[in-house]
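Now for the letters of each chain:
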Amino acid sequence: MSLTDLQAHVLAYYTTGHGKELSITQRWYPHAELIMIIDDKIAVAVRKFGRKVAKESRAAATEFVDTMIEKGVWSTQTNDFGGTMHQFQLGAYPAVLAEFNASNPVAQAAAAGGETYWANKFAELTS
């Protein structure tokens with residue numbers, strides 16, 4: 001999936017902040033439910049930047065979940081009904097998230113941008 005500039009910033013805001021605290025119950029989830037859970041977490045995290053920013057949380061959540069599944073943060077199992085289920089692996093998450101942020105140019109720009117980076121950038125991207 002290719003994210004717009006705004007969606008990429010929404011994702012980076014989450015992964016460099018609230019996403020560091022992510023903890024999900026160790027049960028098996030269908031893909032769509034994981035996206036719904038992360039979508040809600042991202043929308044809550046970015047709501048202070050306005051509706052235009054918050055409405056991009058679904059695309060950011062989808063990218064986040066798919067990337068984390070690919071990197072092994074959620075283990076994958078095919079069930080008896082032909083569906084695929086995923087279980088959060090807390091032990092793998094911190095290292096994968098750190099690697100994700102280290103290789104993300106938006107996260108790097110934010111780290112160098114100072115305290116007002118996010119507010120200024122979201123205002124720029126939504127004007």
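These lines cover the structure that appears in this document, whether it is placed above or below. Throughout this document, residue positions are counted from 1 along each chain, in the order its sequence is written. The predicted origin of the model limits local features to residues at a pLDDT of at least 70 and limits the giving and counting of side-chain atom pairs to 80 or more, whereas totals for whole chains, interfaces and linings rest on all residues. Side-chain figures throughout are based on the complete set of non-hydrogen atoms in the structure, without hydrogens or water.

### Some words on the pattern of salt bridges
Thinking step 1. Throughout this description, the term salt bridge denotes a Lys or Arg side-chain nitrogen within 4 Å of a carboxyl oxygen of Asp or Glu. This structure, assessed with the given rule, holds 4 salt bridges.
Thinking step 2. When the shortest N-O distance is used, the salt bridge between Arg 58 and Asp 39 registers 3.7 Å. Remark: Asp 39 occurs in helix H2 (residues 31-46) and Arg 58 occurs in helix H4 (residues 57-70); sequence separation between them is 19 residues.
Thinking step 3. The class of Arg 58 is partly exposed, set by a relative accessible area of 43%.
Thinking step 4. Asp 39 gets classed as buried once you look at its relative accessible area, which sits at 15%.
Thinking step 5. Residues Lys 71 and Glu 99 are paired through a salt bridge, measuring 3.7 Å at the closest nitrogen-oxygen approach. Remark: Glu 99 occurs in helix H5 (residues 93-102) and Lys 71 occurs in the loop between H4 and strand S2 (74-78); sequence separation between them is 28 residues.
Thinking step 6. Any residue under 20% of the maximum accessible area for its type is buried, any over 50% is exposed, and the rest in between are partly exposed; the area is computed with a 1.4 Å probe on protein chains only. With relative accessibility at 42%, the residue Lys 71 sits in the partly exposed group. Per the convention used, a helix needs a DSSP run of H or I reaching at least four residues, while a strand needs a run of E reaching at least two, with both numbered from the N terminus.

### A look at the packing of aromatic side chains
Aromatic ring pairs are reported here in terms of the distance separating the ring centres and the angle at which the planes meet.
Thinking step 1. Between rings of Phe, Tyr and Trp, where Trp is taken as its six-membered ring, a pair exists when centres lie within 6.5 Å; planes separated by under 30 degrees are stacked, by over 60 edge-to-face, and by other angles tilted. The full count for this structure, using the stated rule, is 11 aromatic pairs.
Thinking step 2. Taking 6.4 Å as the distance between ring centres and 80° as the angle between the ring planes, the aromatic pair formed by Phe 64 and Tyr 93 counts as edge-to-face. Residue Phe 64 is located in helix H4, and its partner Tyr 93 is located in helix H5; the two are separated by 29 residues in the primary sequence. Here the two residues Phe 64 and Tyr 93 agree in accessibility, since each one is buried.
Thinking step 3. Look at Phe 88 and Tyr 93: their rings are 5.5 Å apart centre to centre, the planes differ by 55°, and that puts the pair in the tilted class. When sorted by exposure, Phe 88 lands in the same class as Tyr 93, which is buried.
Thinking step 4. An aromatic cluster is built from Tyr 13, Phe 49, Tyr 117, Trp 118 and Phe 122, whose rings are joined through pairwise contacts.

### A look at the sheet that holds strand S3 (residues 84-88)
Strand pairing within a sheet occurs via backbone hydrogen bonds; the two strands may be parallel or antiparallel.
Thinking step 1. Two strands qualify as a pair provided DSSP detects at least 2 bridges between them. Strands sit in the order S1-S3-S2 across an open sheet of 3 strands; the sheet is antiparallel. Only two strands of the sheet have a single partner each, and these edge strands are strand S1 (28-30) and S2. Taking each pair of neighbouring strands and ignoring which way they run, the sheet shows an average axis angle of 40°.
Thinking step 2. Contact criterion: two residues are considered in contact whenever any of their non-hydrogen atoms come within 4.5 Å of each other. Every angle, taken between N-to-C directions, lies between 0 and 180 degrees, and every axis is a line fitted to C-alpha atoms, over only the stretch in contact when it is a helix. Lying on the sheet, H2 is in contact with S1, S2 and S3; it crosses S1 at an angle near 90°.

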